[in-house]
Amino acid sequence: MADKINALPFLLFLLCLSNHTVESRAPFACDAKNGLTRSLKFCRVNVPLHVRVRDLIGRLTLQEKIRLLVNNAAAVPRLGIQGYEWWSEALHGVSNVGPGTKFSGAFPGATSFPQVITTAASFNKSLWEEIGRVVSDEARAMFNGGTAGLTFWSPNVNVFRDPRWGRGQETPGEDPVVAGKYAASYVRGLQGNSGFRLKVAACCKHYTAYDLDNWNGVDRYHFNARVSKQDLEDTYNVPFKSCVVEGKVASVMCSYNQVNGKPTCADPNLLKNTIRGEWRLNGYIVSDCDSVKVLYENQRYTATPEEAAAATIKAGLDLDCGPFLAIHTANAVKGGLLNEEDVNMALANTITVQMRLGLFDGEPSAQPFGKLGPRDVCTPAHQQLALHAAQQGIVLLQNRGRTLPLSRTNLTVAAIGPNADVTVTMIGNYAGVACGYTTPLQGISRYAKTIHQSGCIDVACNGNQQFGMAEAVASQADATVLVMGLDQSMEAEFRDRKDLLLPGYQQELVSRVARASRGPTILVLMSGGPIDVSFAKNDPRIGAILWAGYPGQAGGAAIADVLFGTTNPGGKLPMTWYPQGYLAKVPMTNMGMRADPSRGYPGRTYRFYKGPVLFPFGHGMSYTTFAHSLVQAPQEVAVPFTSLYALQNTTAARNSIRVSHANCEPLVLGVHIDVKNAGDMDGTHTLLVFSSPPEGKWSTNKKLIGFEKVHLVAGSKKRVKIDIPVCKHLSVVDRFGIRRLPIGKHDLHIGDLKHSISLQANLEEIKS
């Protein structure tokens with residue numbers, strides 16, 4: 001592997017640096033050797049947390065408090081409190097995007113896992129949590145070495161609503177259930193399982209209905225997302241609720257955009273009432289960077305900066321990424337727009353998280369995770385996990401005539417394309433410095449003799465001058481692998497795509513090389529969003545198509561392992577791949593999820609769109625064949641009411657029951673399925689369970705309600721049980737944003753299987 005940094009001599013060098021780093025680390029709060037602070041109540045670990053927090057806040061002046069409301073929180077020397085940088089990132093590995101993390105000295109890099117959209121394609125909840133655990137090990141190690149904070153503003157759990165969104169690559173895809181499961185799993189991995197004590201503090205972002213950066217003259221700073229109550233409850237808020245309720249996340253970040261005319265960071269209904277009230281967030285709410293400034297300067301939401309400061313803090317914002325609150329909060333208090341108690345409440349939320357992280361517990365090395373150091377970063381095991389994650393996330397889109405896997409004997413392979421020998425392209429955005437890279441060319445070279453031609457200078461592919469050389473090497477090789485697609489110059493933060501096509505002359509390169517190729521031609525695509533490659537799908541000379549997303553530092557090795565059959569692909573698409581023509585019917589500014597035939601609006605995502613697709617959500621092939629058989633599932637479920645009052649108040653919608661009126665706790669469906677590997681190769685299968693509601697105006701086509709990963713050796717069979725909470729997954733949301741359970745026949749879809757479950761109101765229980 002190129003540039004590997006885990007050789008033994010280097011590790012020994014790092015161990016020496018580790019000891020030096022701990023000895024020379026910066027001062028810390030509540031140092032027992034500091035006579036000024038060791039007797040302070042907030043430093044006593046045996047005192048209840050809320051008492052410690054209240055004691056600390058009570059010792060601060062108003063000006064000191066205000067300087068703690070921003071990401072680069074100021075030191076309070078008289079209390080022994082050091083300055084703290086809240087902004088660090090860990091989307092798919094420790095990143096240096098935020099100012100809180102630096103790679104240098106003993107920490108030259110960190111393990112760079114596949115971009116989130118690729119990892120999501122694994123549909124593997126245990127993998128998601130394990131990646132989070134490894135990332136937090138490396139984050140704690142860097143904190144102990146003085147090069148990182150402990151508050152990481154990750155993951156991004158926005159729903160990938162529009163295929164053009166440049167940041168779709170950062171998300172777990174278009175399905176809110178998958179996004180919610182990913183959020184909870186990754187957060188648990190990051191924060192640890194100690195309950196009260198946090199390993200690091202995660203942050204789910206960007207709340208809410210944020211999925212437009214810069215499209216057709218509309219940017220995220222000025223966009224007012226008009227969202228129905230139905231779509232907010234049914235789609236946009238679902239992953240955030242899972243993150244808070246199931247993942248117990250320590251933080252939520254509000255977004256730049258407005259929702260229905262209000263900036264999210266100044267909307268008490270979204271922040272104070274929903275996140276903290278309904279979902280019971282135990283943590284802090286932070287603004288996206290400069291969001292408070294944006295709502296004043298760009299959106300003109302308030303007449304004065306002081307009003308902006310007051311509006312956000314009173315709405316429930318606790319921390320400003322940016323200097324705005326540090327500059328304007330004092331005058332807001334002075335002018336009577338804000339009380340000092342409002343500031344105290346915000347600080348209580350942030351300081352509580354810091355105390356849960358151990359930042360006021362004295363000597364850091366004596367605390368849990370205090371011994372982690374350079375030897376715990378970029379370990380062979382961590383790098384192996386990055387490889388496994390990439391292998392699991394690669395999706396086999398097409399395999400005509402079993403083109404793949406390629407033979408491993410005496411093969412010459414032409415590796416062609418602008419992404420055939422890339423490094424940083426593979427790690428996508430919000431990445432750090434990788435431990436090392438294996439490019440696709442290097443990965444293929446481990447299996448076969450290779451001939452390389454890029455064909456295009458870069459992914460923009462603005463000319464075809466090099467196509468002749470690419471055709472020549474393809475004509476000499478036993479097989480041709482074209483590694484094409486996108487990079488951050490095409491899709492990124494503040495860069496939404498204009499279309500779904502391969503950029504520039506890439507399509508011409510693929511077609512010409514396929515014609516010239518002496519052997520089978522395989523198309524490998526790197527991208528965060530879907531690409532319309534209809535031409536390749538319909539070209540009989542292109543035998544197979546793989547989507548690798550942005551597969552991380554080991555992406556080239558993983559791609560080669562799939563091409564040559566060392567790994568049997570098991571990834572499934574976490575988003576729909578649309579034809580280019582779809583875009584003409586869906587402006588990015590239209591936030592509606594549901595189709596509106598009267599206006600020619602086709603709807604969004606597999607749940608609501610019924611038109612033609614290139615590859616559907618959940619699509620992914622294998623080198624073997626899997627068969628399902630339903631062993632056990634209920635045929636009828638009686639829904640008990642909470643009270644006679646609830647029954648009487650359900651008559652407004654006779655064909656459904658309000659979820660709030662049902663006794664939901666015991667309503668869990670146990671579905672047992674036998675999965676058989678009917679082929680001749682070991683493989684991993686993702687079992688996807690969908691449901692569709694009874695006939696009526698419920699508008700969903702079908703929706704995912706459960707998924708499970710199962711590994712099977714050739715010819716073997718396993719029984720899988722999937723538990724489905726009825727009220728959560730069989731409910732629908734009406735146009736008022738109220739979640740209801742439709743009475744009648746719900747159909748479950750598991751591969752080719754279909755099973756009907758009748759949902760009925762349990763009136764007998766009420767009568768008794």
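Calculation criteria
- Residues numbered from 1 in each chain as written.
- Predicted model: local features only at pLDDT ≥ 70, side-chain atom pairs only at ≥ 80, totals over all residues.
- Heavy atoms only, no water.
- Helix = DSSP H or I, 4+ residues; strand = E, 2+ residues; numbered from the N terminus.
- Rg over C-alpha atoms; globule rule 2.2 N^0.38 Å.
- Buried < 20%, exposed > 50% of the residue type's maximum accessible area, 1.4 Å probe, protein only.
- Contact = heavy atoms within 4.5 Å.
- Areas by Shrake-Rupley, 256 points an atom, 1.4 Å probe, with all protein chains shown as cover.
- Lys, Arg positive; Asp, Glu negative; His and termini not counted.
- Charge placed at Lys NZ, Arg CZ, Asp CG, Glu CD.
- UniProt positions renumbered as here; feature names shortened; annotations may be inferred.
- Pairing = 2+ DSSP bridges.
- Axes fitted to C-alpha atoms, helices over the stretch in contact; angles between N-to-C directions.
- Disulfide = S-S within 2.5 Å.
- Left-handed = near helix turned anticlockwise from the far one by under 90°.
- Expected span 1.5 Å × (residues − 1).
- Phe/Tyr/Trp six-rings, centres within 6.5 Å; stacked < 30°, edge-to-face > 60°.
- Salt bridge = Lys/Arg side-chain N within 4 Å of Asp/Glu carboxyl O.
- Polar contact = N/O pair within 3.5 Å; in protein donor to acceptor, adjacent residues only side chain to side chain.

### Things to note about the overall build of the protein
And step 1. Regarding its fold elements, the protein presents 23 helices and 27 strands.
And step 2. On C-alpha atoms alone, the protein measures out to a radius of gyration of 27 Å, which is about the 27 Å that the 2.2 N^0.38 rule sets for 768 residues.
And step 3. Taken over the C-alpha atoms alone, the protein extends approximately 75 × 75 × 50 Å along its principal axes.
And step 4. Counting every position in the protein, which comprises 768 residues, the buried fraction comes to 63%.
And step 5. Partitioning the contacts of the protein with sequence separation of at least 6, the portion at a separation of at least 24 is 77%.
And step 6. Counting every atom, the protein has about 28,000 Å² of accessible surface; 51% of that belongs to carbon and sulfur.
And step 7. Considering the protein, the positive charge centre built from 78 side chains and the negative charge centre built from 64 side chains are found 3 Å apart.

### Some points on the UniProt feature "domain: Fibronectin type III-like" (unreviewed entry) in the protein
And step 1. When the UniProt feature table is mapped onto this chain numbering, "domain: Fibronectin type III-like" (unreviewed entry) sits at residues 685–754.
And step 2. Structurally, residues 685–754 comprises 6% helix and 60% strand, and the distance from its first C-alpha atom to its last is 19 Å.

### Here we look at the sheet that holds strand 23 (residues 717–725)
And step 1. Pairing is antiparallel in the open sheet, where three strands are placed in the order 17-20-23. This sheet does not close on itself; its edge strands, each paired only once, are strand 17 (626–632) and strand 23. Averaged over all pairs of adjacent strands, the angle between their axes in this sheet comes to 30°, without regard to strand direction.
And step 2. Here strand 20 (residues 668–677) runs beside strand 23; their pairing, made up of nine bridges, is antiparallel. Within strand 23, the position partnered with Val671 by the bridge is Ile722.

### A short note on the state of the cysteines
And step 1. By the definition in use, this model includes seven disulfides.
And step 2. Residue Cys30 pairs covalently with Cys43 via a disulfide, S to S 2.1 Å. Because the torsion about its S-S bond is -75°, the bridge between Cys30 and Cys43 counts as left-handed. One end of the pair, Cys30, is in the loop between helix 1 (8–23) and helix 2 (49–58); the other, Cys43, is in the loop between helix 1 and helix 2, and 13 residues separate them in sequence.
And step 3. On the accessibility criterion, Cys43 (11% relative accessible area) is buried.
And step 4. Paired through a disulfide, Cys664 and Cys727 show a sulfur-sulfur distance of 2.0 Å. For the disulfide bridge between Cys664 and Cys727, the dihedral angle about the S-S bond is near -85°, and by the sign convention the bridge is left-handed.

### Side note on the pairing of strand 12 (residues 412–416)
And step 1. Across the five residues of strand 12, five count as buried, placing the element largely inside the fold.
And step 2. The two faces of strand 12 match: Thr412, Ala414 and Ile416 on one face and Val413 and Ala415 on the other face are all buried.
And step 3. The pairing of strand 12 with strand 13 (residues 449–453) spans five bridges and is parallel. Note that in strand 13 the partner of Ile416 across the bridge is Gln453.

### Some remarks on helix 11 (residues 305–315)
And step 1. The element helix 11 is extensively covered by neighbouring structure, given that eight of its 11 residues are classed as buried.
And step 2. Looking only at helix 11, the buried set comprises Pro305, Glu306, Ala308, Ala309, Ala310, Thr312, Ile313 and Ala315.
And step 3. Each element contacted by the buried residues of helix 11 is listed here: helix 9 (269–278), helix 10 (291–297), helix 12 (324–334) and helix 13 (340–356).
And step 4. Gly316 sits one or two residues past helix 11 and shows a positive phi near 125°.

### Description of the environment of Asn269
And step 1. On the secondary structure map, Asn269 appears in helix 9.
And step 2. Between the alpha carbons of Asn269 and Gly316 there is a distance of 9.2 Å; along the sequence they are 47 residues apart.

### Structural notes on the packing of helix 5 (residues 125–144) against helix 6 (residues 176–191)
Helix-helix packing is characterised by the crossing angle of the two axes and by the distance between the axes.
And step 1. Across the interface, helix 5 lies against helix 6 with an axial gap of 6 Å and an inter-helix angle of 35°. For the element pair helix 5 and helix 6, the recorded crossing hand is right-handed. Residue-level contacts link Lys125, Trp128, Glu129, Ile131, Gly132, Arg133, Val135 and Ser136 of helix 5 to Val178, Lys181, Tyr182, Ser185, Tyr186, Arg188, Gly189 and Leu190 of helix 6.

### Focus on helix 5
And step 1. A rise of 1.5 Å per residue sets the reference length of helix 5, with its 20 residues, at 28 Å; its end C-alpha atoms lie 29 Å apart and thus fit the reference within 8%.
And step 2. Counting buried residues in helix 5 gives 15 out of 20 residues, a clear majority hidden from the surface.

### Some points on the pairing of strand 16 (residues 542–547)
And step 1. Of all six residues in strand 16, six are buried, a share of seventy percent or more.
And step 2. When strand 11 (residues 395–399) meets strand 16, the two strands line up antiparallel, connected through four bridges. Bridge assignment links Val395 to a residue of strand 16, and that residue is Trp547.
And step 3. Direction of pairing for strand 15 (residues 521–526) relative to strand 16: parallel, over a ladder of five bridges. Across the sheet, residue Thr521 finds its bridge partner in strand 16, namely Ile542.

### Here's the deal with the packing of aromatic side chains
And step 1. Considering all chains together, one arrives at 24 aromatic pairs under this definition.
And step 2. The interplanar angle of 85° and the centroid separation of 5.3 Å between the aromatic rings of Tyr84 and Trp86 together place this pair among those described as edge-to-face.
And step 3. Residue Tyr84 is classed as buried on the basis of its relative accessible area, which comes to 12%.
And step 4. Classification of Trp86 by relative accessible area gives buried; the value is 1%.
And step 5. Taking 4.3 Å as the distance between ring centres and 10° as the angle between the ring planes, the aromatic pair formed by Tyr606 and Phe617 counts as stacked.

### Here we look at the sheet that holds strand 14 (residues 479–485)
And step 1. If you walk across this open sheet you meet the six strands as 11-16-15-14-12-13, and the pairing is mixed. Where the open sheet ends on each side, the last strands, each with one partner, are strand 11 and strand 13. Neighbour-to-neighbour, the strand axes of the sheet open up by a mean angle of 20°, direction not taken into account.
And step 2. The sheet contacts of helix 19 (residues 555–563) involve strand 14, strand 15 and strand 16, and relative to strand 15 the element is tilted by about 150°.

### A word on the pattern of salt bridges
And step 1. Counted under the stated rule, the structure contains 33 salt bridges.
And step 2. Among the ionic pairs, Asp596 bridges to Arg599, the shortest N-O distance being 2.7 Å.
And step 3. Note on Asp596: relative accessible area 22%, which makes it partly exposed.
And step 4. Salt-bridge contacts for Lys754 lead to Asp747; the nearest nitrogen and oxygen are separated by 3.7 Å.
And step 5. When salt bridges that share partners are traced, they join Arg167, Glu170, Asp213, Arg220 and Glu493 into one network.

### As for the environment of Val671
And step 1. With respect to the element layout, Val671 can be found in strand 20.
And step 2. For Val671, a relative accessible area of 1% translates into the label buried.
And step 3. Along the sequence, Val671 and Asn339 sit 332 residues apart, while their C-alpha atoms lie 54 Å from each other.
And step 4. When sequence neighbours within four positions are dropped, the list of residues in contact with Val671 reads Leu630, Gln632, Ala633, Val720, Lys721, Ile722, Ile724, Leu748 and Ile750.

### Considering the side chain of Arg220
And step 1. Along the polypeptide, Arg220 turns up in the loop between strand 5 (218–219) and strand 6 (224–225).
And step 2. One polar contact links Arg220 to Glu493, side chain to side chain, over a distance of 2.8 Å.
And step 3. With residues near it in sequence (within four places) discarded, Arg220 still touches Arg167, Tyr210, Leu212, Asp213, Tyr256, Asn257, Glu493 and Phe494.

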